[in-house]
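As a plain string of letters, each chain reads:
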Amino acid sequence: MTTTVTPKTPATPESPETALAPRKWKTPILLGVFALVSLLIFSLRLDPSLTTRIDLNSRTVPIELPPLVLPSMLTNLILSTLMIAFAAYTAKLAYDRKKIPMWGIALFAALWVIALIVWVGAGANVPFVWLLTGTLAISTPLVFGSMAGLVSERAGVVNIAIEGQLLAGAFASALVSSMTGSWVAGILAALVAGVLVSVVLALFSITYWVEQVVVGVVINMIVIGLTSYLYSGLMASNRELYNSPDTYDAWPIPLLSSIPIIGPVFFSHSIITYLMFILVPLLTWALFNTRWGLRTRSVGEHPKAADTVGINVNRNRWFNVLLSGAIAGVGGSFYTLGSVGAFNQEVTSGQGYIALAALIFGRWHPVYATLAALLFGFASNFRTLATQVGANVPSELLSMVPYIVTVLAVIGFVGQSRGPAASGVPYIK
């Protein structure tokens, strides 16, 4: 007796399966709110007679460019109209159950940021090059932190301990650089300190199967307490010997650093920022084009399948977690050898958590995570700009800007992100 099986009709765009797909309104609504804020606050509340003067020059560049003078209200009305049109377009895409392009969201964000700058700088001078260089400087440890989270979480280990790794790197680099008088020794010490913190994370998360989020939080608390204790008992008592580190020097690249706008932004930094320029494309290439990258992604997505083809899952995870600590530790040295020039208690100020948010916002991709870190860096630098130009915005509100951006990014776009499938799940053979 034979049984005839009738094949199912393939799904078409008009089939019930496609028609019942849920519409996703979160992004259009969020973009619409941002566009209305730009229209109602950044545009209509401005005095029509005010202009915003954008200064494109830098003190380190001999060539002078004429300033860009924009009518503040008219400029923002045009930008707001474009943003409202794009928000309406995304609503149409959502109604048609189509995917909203990432490049469109990035373009919308750029327009909103320009409108914000024009609003804050209405009737004042905006040092545009300083704003960009400051953003890049603030973003540097964030990028290192997000790259550290990337190599760990792509291998399936949740890394909440980025904050502790950054802080340990900052402390060790300040201490060793002060004692040796060498910033090179300080960077190496930061690398070792980050790896040591990672050993604890890997030991409990991979070997002993302890809940990874809990381990990360506990590590952060331990590092904060330990560095605060050592700072009070050691550094504060003899600052000259233990907390006067040799800091990075700026290395301007000849000729390139003299190009207006581009020169100061990309070719006049310290070694740690140049390392960041190398790290991001290197990780992007390695993650998607090398055997290490393939193994890392496989143990993060499907460790059982990776094991069946001969990949040692836990050894791969151990290596990635240690590499994560090395990257974060080097990034942490920026706080003491680059920006502040000394160690203070909790000098990282929760930047490790913002780096983690940048990683999630960037969908666990090196380039997207870097762009997200730059966004958070801009939000931090913006409050300084607003203070400089004398914007009529409460200082308490300005200090909240980076964290507001973080929350909006997480609640607004994280729903579109999907982390590695096995992230946070210990592998038990």
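Residues numbered from 1 in each chain as written. Predicted model: local features only at pLDDT ≥ 70, side-chain atom pairs only at ≥ 80, totals over all residues. Heavy atoms only, no water.

- An unreviewed UniProt entry annotates the protein chain as ABC transporter permease of Gulosibacter molinativorax.

1. Points about the overall build of the protein chain
- A tally of regular secondary structure across the protein chain gives 17 helices and five strands.
- Residues classed as buried in the protein chain amount to 49% of the 429 residues present.
- For the protein chain, the share of sequence-separated contacts (at least 6 apart) that also reach a separation of at least 24 residues comes to 77%. (Helix = DSSP H or I, 4+ residues; strand = E, 2+ residues; numbered from the N terminus. Buried < 20%, exposed > 50% of the residue type's maximum accessible area, 1.4 Å probe, protein only. Contact = heavy atoms within 4.5 Å.)

2. What to know about the pattern of salt bridges
- Counted by the stated rule, this structure contains one salt bridge.
- With its nearest N and O atoms 2.5 Å apart, the salt bridge here joins Asp96 to Lys92.
- Here Asp96 falls in the partly exposed class, since its relative accessible area comes to 31%. (Salt bridge = Lys/Arg side-chain N within 4 Å of Asp/Glu carboxyl O.)

3. Re the pairing of strand S1 (residues 51-55)
- When S1 meets strand S2 (residues 68-71), the two strands line up antiparallel, connected through four bridges. Bridged to Thr51 within S2 is Pro71.
- Across three bridges, the pairing between S1 and strand S3 (residues 125-127) is parallel. Within the sheet, the bridge partner assigned to Arg53 lies in S3 and is Asn125. (Pairing = 2+ DSSP bridges.)

4. Some words on the nonpolar core
- With 65 residues, the main nonpolar core has Met147, Met235, Tyr248, Ile327, Phe343 and Phe376 as its most contacted residues.
- The set of elements that each furnish at least two residues to this core consists of helix H5 (128-153), helix H6 (162-180), helix H7 (183-207), helix H8 (212-235), helix H11 (271-289), helix H14 (313-339), helix H15 (351-361) and helix H16 (366-388).
- Sort the elements by how many residues they give to this core and H6 lands first, with nine residues.
- Counting 27 residues, the second largest nonpolar core, distinct from the first, contains Met83, Leu111, Ile117 and Ala124. (Core = buried A, V, L, I, M, F, W, Y, C linked by side-chain atoms within 4.5 Å.)

5. So, helix H3 (residues 72-95)
- For H3, with 24 residues, the first-to-last C-alpha span of 34 Å sits near the 34 Å given by 1.5 Å per residue.
- Inspection of H3 places Ser72, Met73, Thr75, Asn76, Leu79, Ser80, Met83, Phe86, Ala87, Thr90, Leu93 and Ala94 among the buried residues, and these make up the whole buried set.
- Looking at the buried positions of H3, the neighbouring elements they touch are helix H2 (26-43), S1, S2 and helix H4 (102-120).
- Two residues or fewer past H3, Arg97 is found with a positive phi of approximately 60 degrees. (Expected span 1.5 Å × (residues − 1).)

6. Comments concerning the sheet that holds S1
- An order of S2-S1-S3 is seen for the three strands of this open sheet, with the pairing classed as mixed. With one partner strand each, in any of the chains shown, S2 and S3 form the two edges of the open sheet. Strand-to-strand twist across the sheet, computed as the mean angle between neighbouring axes with direction ignored, equals 25 degrees. (Axes fitted to C-alpha atoms, helices over the stretch in contact; angles between N-to-C directions.)

7. Quick word on the packing of aromatic side chains
- Following the criterion strictly, the structure yields 15 aromatic pairs and no others.
- Here the aromatic rings of Phe42 and Trp112 are separated by 5.3 Å at their centres, their planes lie at 55 degrees, and the arrangement is tilted. Placement of Phe42 in helix H2 and of Trp112 in helix H4 is noted, with a sequence separation of 70 residues between them.
- We classify Trp112 as buried; its relative accessible area is 18%.
- Taken together, the ring pairs connect Phe34, Phe42, Trp112 and Trp119 into an aromatic cluster. (Phe/Tyr/Trp six-rings, centres within 6.5 Å; stacked < 30°, edge-to-face > 60°.)

8. A look at unusual backbone geometry
- If you check the backbone angles, Arg97 has positive phi at about 60 degrees while not being a glycine.
- Take Arg97: its relative accessible area is 34%, and that puts it in the partly exposed class.
- Residue Arg363 is not a glycine yet carries a positive backbone phi of 60 degrees.
- For Arg363, the location among the structural elements is in the loop between H15 and H16.
- For Arg363, a relative accessible area of 25% gives the class partly exposed.

9. Comments concerning the environment of Thr348
- Along the chain, Thr348 falls in the loop between H14 and H15.
- Given the relative accessible area of 0%, Thr348 is considered buried.
- A polar atom in the side chain of Thr348 sits 2.7 Å from the side chain of Glu163. (Polar contact = N/O pair within 3.5 Å; in protein donor to acceptor, adjacent residues only side chain to side chain.)

10. Let's talk about a nonpolar patch on the surface
- On the surface, Leu36, Leu40, Ile41, Leu44 and Ile84 cluster together to form a nonpolar patch covering roughly 420 Å² of accessible area.
- In terms of residues, the nonpolar patch owes the most to one element, H2, which gives three residues.
- In this fold, Ile41 is placed in helix H2.
- Classification of Ile41 as partly exposed rests on a relative accessible area of 34%. (Patch = residues over 30% accessible without salt bridge, like charges linked within 9 Å, V, L, I, M, F, W, Y side chains within 5 Å. Areas by Shrake-Rupley, 256 points an atom, 1.4 Å probe, with all protein chains shown as cover.)

11. What about the environment of Thr135?
- Mapping Thr135 onto the fold places it in helix H5.
- Considered as a pair, Thr135 and Ser380 are 245 residues apart in the sequence and their alpha carbons are 7.6 Å apart.
- With residues up to four places along the chain from it excluded, the contact list for Thr135 reads Leu374, Gly377, Phe378 and Asn381.

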